[in-house]
Amino acid sequence: MGLVALFVGGLTPMACDSCDGAAANRFDASFTIAWTVLWTGLLLALIPLIASWAVPHQLRHAARRRGLALTAPATAVVAS
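Residues numbered from 1 in each chain as written. Predicted model: local features only at pLDDT ≥ 70, side-chain atom pairs only at ≥ 80, totals over all residues. Heavy atoms only, no water.

Comments concerning the overall build of the chain
Then comes step 1: When helices and strands are counted, the chain shows 3 helices and 0 strands.
Then comes step 2: Its helices and strands taken in sequence order, the chain reads α-α-α from the N to the C terminus.
Then comes step 3: In terms of C-alpha radius of gyration, the chain reaches 17 Å, well past the compact-globule figure of 12 Å for 80 residues.
Then comes step 4: In terms of overall dimensions, the chain has C-alpha extents of about 60 × 15 × 15 Å along its principal axes.
Then comes step 5: The proportion of buried residues among the 80 residues of the chain is 22%.
Then comes step 6: Counting only contacts in the chain whose residues sit at least 6 apart along the sequence, the fraction spanning at least 24 positions is 54%.
Then comes step 7: Element-wise, carbon and sulfur atoms account for 72% of the exposed surface of the chain, whose accessible area totals about 5,700 Å². (Helix = DSSP H or I, 4+ residues; strand = E, 2+ residues; numbered from the N terminus. Rg over C-alpha atoms; globule rule 2.2 N^0.38 Å. Buried < 20%, exposed > 50% of the residue type's maximum accessible area, 1.4 Å probe, protein only. Contact = heavy atoms within 4.5 Å. Areas by Shrake-Rupley, 256 points an atom, 1.4 Å probe, with all protein chains shown as cover.)

Looking at the state of the cysteines
Then comes step 1: If you walk through the whole model with that rule in mind, you get 1 disulfide.
Then comes step 2: There is a disulfide in this structure between C16 and C19, and the S-S distance comes to 2.0 Å. Between C16 and C19 the sulfur-sulfur dihedral comes to about -120°; the bridge is accordingly left-handed.
Then comes step 3: Residue C16 is classed as buried on the basis of its relative accessible area, which comes to 12%.
Then comes step 4: For C19, a relative accessible area of 29% puts it in the partly exposed group. (Disulfide = S-S within 2.5 Å.)

Here we look at the packing of aromatic side chains
Then comes step 1: With the rule as written, the count across this model stands at 3 aromatic pairs.
Then comes step 2: Taking the centre distance of 6.2 Å and the plane angle of 75° together, the rings of W35 and W39 count as edge-to-face. Pair noted here: W35 and W39 are both in helix α2 (residues 22–54), with a separation of 4 residues, about one helical turn.
Then comes step 3: A residue is classified by how much of its surface remains accessible, and W35, at 28% relative accessible area, is partly exposed. (Phe/Tyr/Trp six-rings, centres within 6.5 Å; stacked < 30°, edge-to-face > 60°.)

From the geometry alone we can't say anything about function, so treat these as descriptive.
Quick look at the structure:
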């Protein structure tokens, strides 16, 4: 899901290929912010995913691992 979000985000600048002047400058400024937010969100989604694998694989930690594993895609959706 994260790779698809990066792919679509990478194709987004082509939406303003025909823009020039002030429209292109506004698009570039807003795209830079959006690209930074996308990367930050996907990196934040990676943290609980790695943490879910770092939690010991014992039955008593199953709920914690499941919660961390479900937090990762939710964070990626919010970031995209």
